[in-house]
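# A look at the structure
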Amino acid sequence: MTVRWASSGIIGTIVFVWLVNGVIAAFQRDYFKESDANCATAGTIAVTVIAGPLNYAGVNPKVDDCDVEIPEPSK
C-alpha cells in the first residue's frame, strides 16, 4: 500500500508542475492581458496550459476558430 501512495503522489506532483509550466508560458505570452474574451482566446489559453513544458521546446498551440453555440437563458 505504501508504494501505491508514493507513486500517486509523484504522478500528482508531475502533473501539477506540468500545468504550472503551462500557466507560466501563457502569462509570458500575455494571453491573460487580452481584452477580447472569446472562445478562441480561451481555447488557446487552455491548450497552452495543457502543453506545459512543451511550450519551451517550440510548441505554440493556438485555437484560431471555434463555433460554440452558447445556450440562451430561459425566460
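## A closer look at the state of the cysteines
Tallied over the entire structure, the rule returns one disulfide. Two residues, Cys-39 and Cys-66, share a disulfide whose sulfurs are 1.9 Å apart. Placement of the pair is Cys-39 in helix H2 (residues 39-51) and Cys-66 in the segment after H2, with a sequence separation of 27 residues. By relative accessible area, which is 32% here, Cys-39 ends up partly exposed.

## Some thoughts on unusual backbone geometry
Positive phi is not limited to glycine here, since Asp-30 has a value of about 60°. Its place among the elements puts Asp-30 in the loop between helix H1 (2-28) and H2. Residue Asp-30 is classed as partly exposed on the basis of its relative accessible area of 38%.

## Describing a nonpolar patch on the surface
On the surface, Ile-11, Val-15, Trp-18, Leu-19, Leu-54 and Val-59 cluster together into a nonpolar patch covering about 490 Å² of accessible area. Note on placement: Val-15 falls in helix H1.

## As for the pattern of salt bridges
For the structure shown, the criterion picks out one salt bridge. Asp-30 is the partner of Lys-33 in a salt bridge, and the nearest nitrogen-oxygen pair spans 3.8 Å. A relative accessible area of 68% places Lys-33 in the exposed class.

## Here we look at the packing of aromatic side chains
What the rule picks out here adds up to one aromatic pair. Aromatic pair Phe-27 and Phe-32: ring centres 4.4 Å apart, planes at 40°, arrangement tilted.

## A short note on the side chain of Asn-55
Secondary-structure assignment places Asn-55 in the segment after H2. A polar contact is formed between the side chain of Asn-55 and the side chain of Arg-29, at a distance of 3.1 Å. Leaving out residues up to four positions away in the same chain, Asn-55 has contacts with Gly-22, Ala-25, Arg-29, Thr-48 and Pro-61.

## Re H2
In this model H2 runs 18 Å from its N-terminal to its C-terminal C-alpha over 13 residues, within 8% of the 18 Å that 1.5 Å per residue would give. Buried within H2 we find Ala-40, Thr-41, Gly-43, Thr-44, Ile-45, Thr-48, Val-49 and Ala-51. With a side-chain oxygen positioned 3.1 Å from the backbone nitrogen of Ala-40, the residue opening H2 is Asn-38. Downstream of H2 by a residue or two, Gly-52 has a phi angle that is positive, lying close to 55°.

What counts as what
- Residues numbered from 1 in each chain as written.
- Predicted model: local features only at pLDDT ≥ 70, side-chain atom pairs only at ≥ 80, totals over all residues.
- Heavy atoms only, no water.
- Disulfide = S-S within 2.5 Å.
- Helix = DSSP H or I, 4+ residues; strand = E, 2+ residues; numbered from the N terminus.
- Buried < 20%, exposed > 50% of the residue type's maximum accessible area, 1.4 Å probe, protein only.
- Patch = residues over 30% accessible without salt bridge, like charges linked within 9 Å, V, L, I, M, F, W, Y side chains within 5 Å.
- Areas by Shrake-Rupley, 256 points an atom, 1.4 Å probe, with all protein chains shown as cover.
- Salt bridge = Lys/Arg side-chain N within 4 Å of Asp/Glu carboxyl O.
- Phe/Tyr/Trp six-rings, centres within 6.5 Å; stacked < 30°, edge-to-face > 60°.
- Polar contact = N/O pair within 3.5 Å; in protein donor to acceptor, adjacent residues only side chain to side chain.
- Contact = heavy atoms within 4.5 Å.
- Expected span 1.5 Å × (residues − 1).

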